[in-house]
Amino acid sequence: QSAKLVLDPAFTVGTVDPRLFGSFVEHLGRCVYTGIFEPDHPCADESGLRTDVLDLVRELGVTTIRYPGGNFVSGYRWEDGTGPVEERPRRLDLAWRSTETNRFGLGEYIAFLREVGPQAEPMMAVNLGTRGVAEALELQEYANHPGGTALSDRRIAHGDKDPYGIKLWCLGNEMDGPWQTGHKTAEEYGRLAAETARAMRQFDPGVELVACGSSNQGMPTFAAWEAKVLEETYDLVDYISLHSYYEERDGDRDSFLASAVDMESFIENVVATCDHIGARLKSKKKINLSFDEWNVWYMNRPNPHPVTDWQEAPRLLEDVYSVTDAVVFGSLLIALLRHADRVTVACLAQLVNVIAPIMTEPGGPAWRQTTFYPFAQASAYGRGRVLRTAVESPVHETAAYGEVPLLHTTAVQDETTGAVTVFAVNRHQREGLPLEIDLRAAGVSTLVEHSVLADADPEARNTLAEPERVVPHPARGTALEGGVLRATLEPLSWNVIRLG
Ligand code: AHR
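Residues numbered from 1 in each chain as written. Predicted model: local features only at pLDDT ≥ 70, side-chain atom pairs only at ≥ 80, totals over all residues.

Examining the overall build of the protein
Inclusion rule: Put simply, DSSP H or I for four residues or longer makes a helix, DSSP E for two residues or longer makes a strand, and each gets a number counted from the N terminus. Taken over C-alpha atoms, the radius of gyration is set against a globule rule of 2.2 Å times the number of residues to the power 0.38. Three classes are used. A residue is buried when 20 or more other C-beta atoms lie within 10 Å of its own, exposed when 12 or fewer do, and partly exposed in between, with C-beta atoms placed from the backbone. In this description, a residue-residue contact is defined by the distance between C-beta atoms placed from the backbone, which must lie within 7 Å.
Secondary structure assignment for the protein yields ten helices and 25 strands. The C-alpha radius of gyration computed for the protein amounts to 22 Å, which stays within 12% of the reference 23 Å derived for 500 residues, consistent with globular compactness. Overall, the C-alpha framework of the protein stretches about 70 × 60 × 45 Å when taken along its three principal axes. In the protein, buried positions account for 50% of the 500 residues. Here the contacts in the protein between residues at least 6 apart in sequence split such that 76% fall between residues at least 24 apart.

Shown next as structure tokens:
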């Protein structure tokens, strides 16, 4: 049985915001230390940044980079990471039971973004766990005021004459989670977020603010949390956050491959909640979604690395991703693109070493995980207008989500060139999926490329010993004739079909 897809540029979902291809750097494990920052590494520049990692970050095509947490931010004192390095305090990081040296801080983060390039935009989280309005305002003034006040002059004295220009801010992190330092009820958090937002807008009315939504759709307070927080903050914030991580459970790979079903329903439920509150408040404003943590994460597997309490930069969350993981990951990207009208910020959690597309060895090489490829391709070719897809697909039964289509797909048209890129996943583990795409209305005449990520061994991974074991390959037998494309999607595969 084959799948069919009709694409017509007259019917669109919306335009992709470049911020959809964001990522996340947290002070967690080796994301910062020996990840992006390793002064003793042979590839380090004068700021201590690893240039081999910078090259891969640019190749990955990330835009907005969220910092410094995550759970870490809820106990963080931003001042600790400023000023002369030798005077910075060592602190306990309660979130990850590590020691934070503060060798890397706000100025180093901004230097990192500047090295990545102009597409790299800061997204800074303030601590609303152990701190509040005053500290958020102080951070904003230190970072963004040009000079002539105590805090802005302190930044200048620390070596950064130019303000950092941070526009996008997260009001805390996962405040609905009992694991969060300073966890709050929706009422408590809603009030604090509202007052922090109001004060930050007094400094800069153009600031863009993200209120914390739920840590995942399964949280007992899900939806009620969003409703309460938005009742308090609706006119003061621009985004509500979503976080979600997926993993294979009890060997149920078919359900794992359908993880995007959960992600899409999560997005749609949050959109419904935002619009419900907007309607109740008689507001014309729409709240957009910041899916600022998403990924595959083997949260329930034991850490294979020995780690002790209060270690510096321990090996935490260093998941090594398989081909299967990359296919699920690609499907999560498709889910985000399919909702590009309302999901206008998204951050792949995280960037280096910690559940990351880029891995490093201290003093050694950096390499691409399997998940690197879908992200880099989506960021390179998923820019423009997302087309509405009319899809007919064979289905199969899954334990977690019931009947699920085998084809998961979206298409994006470049507004200037008219080029169309179809992103597609075949969720079947053993069978190829014949696909027919009707492109007669799309105005394309050439098949530029059909790239596939799939492998005879779905467990294949890239490792230090074999860093290029898995790379995308060209598909065989794909053809475009009379405006109709015919292809067979390999079993368990991520596909990028580019048409010009
Ligand atoms: O990304 C890892 C952790 O996952 C983050 O610190 C936290 O926000 C989430 O629970």
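Some remarks on the nonpolar core
As a reminder, the rule being used: Put simply, a nonpolar core is a cluster of buried Ala, Val, Leu, Ile, Met, Phe, Trp, Tyr and Cys residues tied together by C-beta atoms within 7 Å. Residue ranges for the domains originate in an automatic or database domain assignment.
Residues W169, L171, L351 and I358 are the most contacted members of the largest nonpolar core, which totals 148 residues. Top contributing element to this core by residue count: helix α9 (residues 323-338), with eleven residues. When residues of this core are assigned to domains, at least three fall in each of domain 1 (3-10 + 387-499) and domain 2 (17-381). If we ignore the near neighbours within four places in the chain, the residues touching I358 are V53, L56, V57, L60, L351, V352, A366, R368 and F372.

Description of the environment of R114
One can find R114 in helix α2 (residues 106-116). Between the C-alpha atom of R114 and that of T51, which follows or precedes it by 63 residues, the distance is 13 Å.

A short note on the site of the ligand
Which entries qualify depends on this criterion: Using a C-beta atom placed from the backbone, a residue is scored as near a molecule or strand whenever that atom is within 6 Å of it. Here the term charged refers only to Asp, Glu, Lys and Arg, the term nonpolar to Ala, Val, Leu, Ile, Met, Phe, Trp, Tyr, Cys and Pro, and the term polar to all other amino acids, Gly among them.
Within the structure, the ligand sits among E26, L28, G69, G70, N71, N173, E174, S215, H243, E293, A349 and Q350. Partitioned by chemical class, the residues of the shell around the ligand number two nonpolar, seven polar and three charged.

Notes on unusual backbone geometry
Of the consecutive residues Y67 and P68, the connecting peptide bond is found in the cis state with omega at 0 degrees. Following the sequence through the fold, P68 ends up in the loop between β3 (64-67) and β4 (91-93). The step from G69 to G70 runs through a cis peptide bond, and the omega angle for that step is 20 degrees. Its location among the elements puts G70 in the loop between β3 and β4. The backbone phi angle of K282 is positive, close to 55 degrees, even though this residue is not glycine. Mapping K282 onto the fold places it in the loop between α8 (259-280) and β10 (288-296).

Side note on the domain arrangement of the protein
Along its sequence, the protein is organised into domain 1 (3-10 + 387-499) and domain 2 (17-381). The distance between the C-alpha centroids of domain 1 and domain 2 comes to 30 Å. Between domain 1 and domain 2, the residue contacts involve 34 residues of the former and 32 residues of the latter. Contributing elements (two or more residues each) for the side of domain 1 that touches domain 2: β16 (395-398), β18 (407-413), β19 (420-426), β21 (447-453) and β25 (493-499).

Some remarks on the sheet that holds strand β6 (residues 121-126)
What counts here: Strands are labelled as partners when DSSP assigns at least two bridges between them. Interaxial angle, 0 to 180 degrees, is taken between N-to-C directions of lines fitted to C-alpha atoms, where a helix line uses only the stretch in contact.
Spatial ordering of the closed barrel is given by β2-β3-β6-β7-β8-β9-β10-β12, a layout of eight strands whose pairing is parallel. The mean inter-strand angle of the sheet, taken between neighbouring strand axes irrespective of direction, is 30 degrees. Pairing geometry for strand β2 (residues 22-24) and strand β12 (residues 343-349), over three bridges, is parallel. Within β12, the residue paired with F24 across the bridge is A349.

Thoughts on the sheet that holds strand β11 (residues 311-312)
In spatial order, the strands read β4-β5-β11; together these three strands make up an open sheet with mixed pairing. Every interior strand has two partners, whereas the edge strands, β4 and β11, have only one. Sheet topology note: the strand β5 (residues 98-100)/β11 ladder contains two bridges and is parallel. Within the sheet, the bridge partner assigned to S98 lies in β11 and is Q311.

What to know about the environment of L407
Structurally, L407 is set in strand β18. Sequence separation of L407 and R427 is 20 residues, and the distance between their C-alpha atoms is 6.5 Å. If near-sequence neighbours (up to four positions away) are discounted, L407 is found in contact with A3, V391, S393, A424, N426, L433 and L435.

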